[in-house]
Amino acid sequence: RGLQLAASAPLRHELLVLCGRAHGDRGAASASIESYRAALDALDALDGSDDSDAADVDAQRCRAWLGMAAGKRLADDYDGALAALQQAEGRLGSLQRERAELHHLRGNILFPLGDLDGCQREHSLSLEHAERAGAEDLAAVAEGGLGDACYLRGDMLAAQAHFSRCVELCRAQRLHRVEVANWPMLAWTRAYLGHLAAAVDDGEAAAELARQTSHQRAELIAQHVVGWTALELGDLPLARRAMARVDQLSSALRSHRFIVHSMVFSAYLADAEGDSELAAELVERAARTRREADASYNGAFCLGALARLGRVDDDARDAALAEAEALLRRGCAVHNHLWFYRDAIETALARRQWQHAERFVEALLTCTPVPLPWSEHVADYARALCAAGRVPQDAQAIEALRAARARTAQRGYHGYLPKLDRALY
């Protein structure tokens, strides 16, 4: 209604910026980008006019380009987002808040691209400029960004500390949208550190807050961690509920990388429920779709799932594993390493390739600065199955398998018990 009434270019610009922010907050990337583009067009009418201050117009243009970058990031257009940030950077001047926002946005874009050093650098700069500006809200945002950077490296203890600090700052300032954007990542760190029940609790609470604040992207990530952790716990009804919501949200957001995640996680669920045909169909669709997404975010993870669950021959399976390892060597987000090596281990175990399974176990344990409790659990499980598989009737191997089963149950990883039980009985 305001836009219908606005007569002046400056007022029209401000209203369009508000529209762009509102569209972005609800995950409507295309509408957000169009609003910011129209806001920039409104400023063009001021260029050269007597009543326009060049510095003010530059600041307004800077903020609109920042909004454009945020929208393009939501749309997974990382090249376009980085180009928009360049436009904003040229107009920053002495704006400290906007400089903090720019570095945070750039760090967020470098996160899915797997640029570990760049992500860490940009979020550190964001925190520095937020503190210079005395902006506690942006300091909270920057703490979340540093959590992302540590997560990207696999340093889950440091990531947990940053995400916890971010959430604490947000609650003190009632920054619910920033809180809910980071709370699901705190849940992910808990899952990798072996605190499965806490991860589910955080994920479900974050999903509820995301629904209350209409933050679909945050709810999607929260439901992902609930679904994945439920599979680890062996709670298939909970995994089914979470993954049904993930499917709805990933389709609504139209993000290729989240759609790929949704299909692969649904394939894991189908496999756990004994539907190997559906599992294969889903990972094969994911493998086709992932070519439209950025390979550094989920390429290796998707190829590992294809090798494990796809209806492919041995040559194609080996080719998928080799391509995935090549992507890992190029550098990518840590979840690719963790999930790929777990699926590669399962693939080798199913093919009775004990030496390959042990090689993948070592790679899993060394792909993070220190082995994660989740990785140590997978290694324990896999080594016991390798020993029992090599010499099926060996009393010592069977006893080791029983001990591994007891540890798996005690840690809460009930999703792994069926395979251990089949090996035992």
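Above this text sits the structure in question.
What you see is a predicted model, and the numbers here were worked out from it, not measured in a lab.

(A) Focus on the overall build of the protein. For the protein, the helix and strand inventory stands at 22 helices and 0 strands. Computed over C-alpha atoms, the radius of gyration of the protein comes to 24 Å, within 12% of the 22 Å expected from 2.2 N^0.38 for 425 residues, which places it in the range of a compact globule. The principal-axis extent of the C-alpha atoms belonging to the protein is close to 90 × 40 × 35 Å. The buried share of the protein, taken over its 425 residues, is 55%. Counting only contacts in the protein whose residues sit at least 6 apart along the sequence, the fraction spanning at least 24 positions is 62%. About 18,000 Å² of surface is accessible on the protein, with carbon and sulfur atoms providing 49% of the total. Each charge class in the protein can be summarised by its mean position, and for the 49 positive and 60 negative side chains these summaries are 3 Å apart.

(B) Layout of helix H12 (residues 216-233). Here H12 contains 18 residues, and its C-alpha end-to-end distance of 25 Å stays within 8% of the 26 Å for a straight helix at 1.5 Å per residue. The buried fraction of H12 is high, at 16 of 18 residues.

(C) Looking closely at the packing of helix H8 (residues 136-153) against helix H10 (residues 176-192). H10 packs onto H8 with a crossing angle of 30 degrees between their chain directions and a minimal axis gap of 10 Å. Here H8 is positioned roughly parallel relative to H10, judged by the angle of their axes. For the pair H8 and H10, the sense of crossing is left-handed. Of the residues in H10, those touching H8 at Val141, Gly144, Asp148 and Tyr151 are Val178, Asn182, Met185, Trp188 and Tyr192. Residues of the contact of H8 with H10, tallied by class, amount to 6 nonpolar, 2 polar and 1 charged.

(D) Geometry of the pattern of salt bridges. Throughout the structure, instances matching the rule amount to 34 salt bridges. Linking Asp202 and Arg190 is a salt bridge whose minimum nitrogen-to-oxygen distance equals 2.5 Å. Of this pair, Asp202 sits in helix H11 (residues 196-212) while Arg190 sits in helix H10, placing them 12 residues apart in sequence. Given the relative accessible area of 13%, Asp202 is considered buried.

(E) Molecular detail of the nonpolar core. Core analysis: the largest hydrophobic core is formed by 106 residues, its most contacted members being Tyr151, Trp188, Tyr192, Trp339, Leu349 and Trp374. Not counting chain neighbours up to four residues away, the residues in contact with Trp339 comprise Trp188, Tyr192, Trp228, His261, Phe265, Phe301 and Trp374. In terms of nonpolar packing, the next biggest core, distinct from the first, is built from 24 residues, Ala42, Ala59, Tyr78 and Ala81 among them.

(F) Here's a closer look at the environment of His162. Relative to the helices and strands, His162 is located in helix H9 (residues 156-173). Taking the relative accessible area as the measure of exposure, His162 reaches 21% and is therefore partly exposed. In the structure, His162 is positioned 215 residues away from His377 in sequence and 25 Å away in space, judged by C-alpha atoms. Among residues more than four places away in sequence, those in contact with His162 are Glu143, Leu146, Gly147 and Cys150. Within the structure, the side chain of His162 is placed 2.8 Å from the side chain of Glu143, a separation counted as a polar contact.

Cut-off values and rules
- Residues numbered from 1 in each chain as written.
- Predicted model: local features only at pLDDT ≥ 70, side-chain atom pairs only at ≥ 80, totals over all residues.
- Heavy atoms only, no water.
- Helix = DSSP H or I, 4+ residues; strand = E, 2+ residues; numbered from the N terminus.
- Rg over C-alpha atoms; globule rule 2.2 N^0.38 Å.
- Buried < 20%, exposed > 50% of the residue type's maximum accessible area, 1.4 Å probe, protein only.
- Contact = heavy atoms within 4.5 Å.
- Areas by Shrake-Rupley, 256 points an atom, 1.4 Å probe, with all protein chains shown as cover.
- Lys, Arg positive; Asp, Glu negative; His and termini not counted.
- Charge placed at Lys NZ, Arg CZ, Asp CG, Glu CD.
- Expected span 1.5 Å × (residues − 1).
- Axes fitted to C-alpha atoms, helices over the stretch in contact; angles between N-to-C directions.
- Parallel < 35°, antiparallel > 145°, perpendicular 65-115°, else oblique.
- Left-handed = near helix turned anticlockwise from the far one by under 90°.
- Nonpolar A, V, L, I, M, F, W, Y, C, P; charged D, E, K, R; others polar.
- Salt bridge = Lys/Arg side-chain N within 4 Å of Asp/Glu carboxyl O.
- Core = buried A, V, L, I, M, F, W, Y, C linked by side-chain atoms within 4.5 Å.
- Polar contact = N/O pair within 3.5 Å; in protein donor to acceptor, adjacent residues only side chain to side chain.

Function cannot be inferred from these measures alone, as they are strictly geometric.
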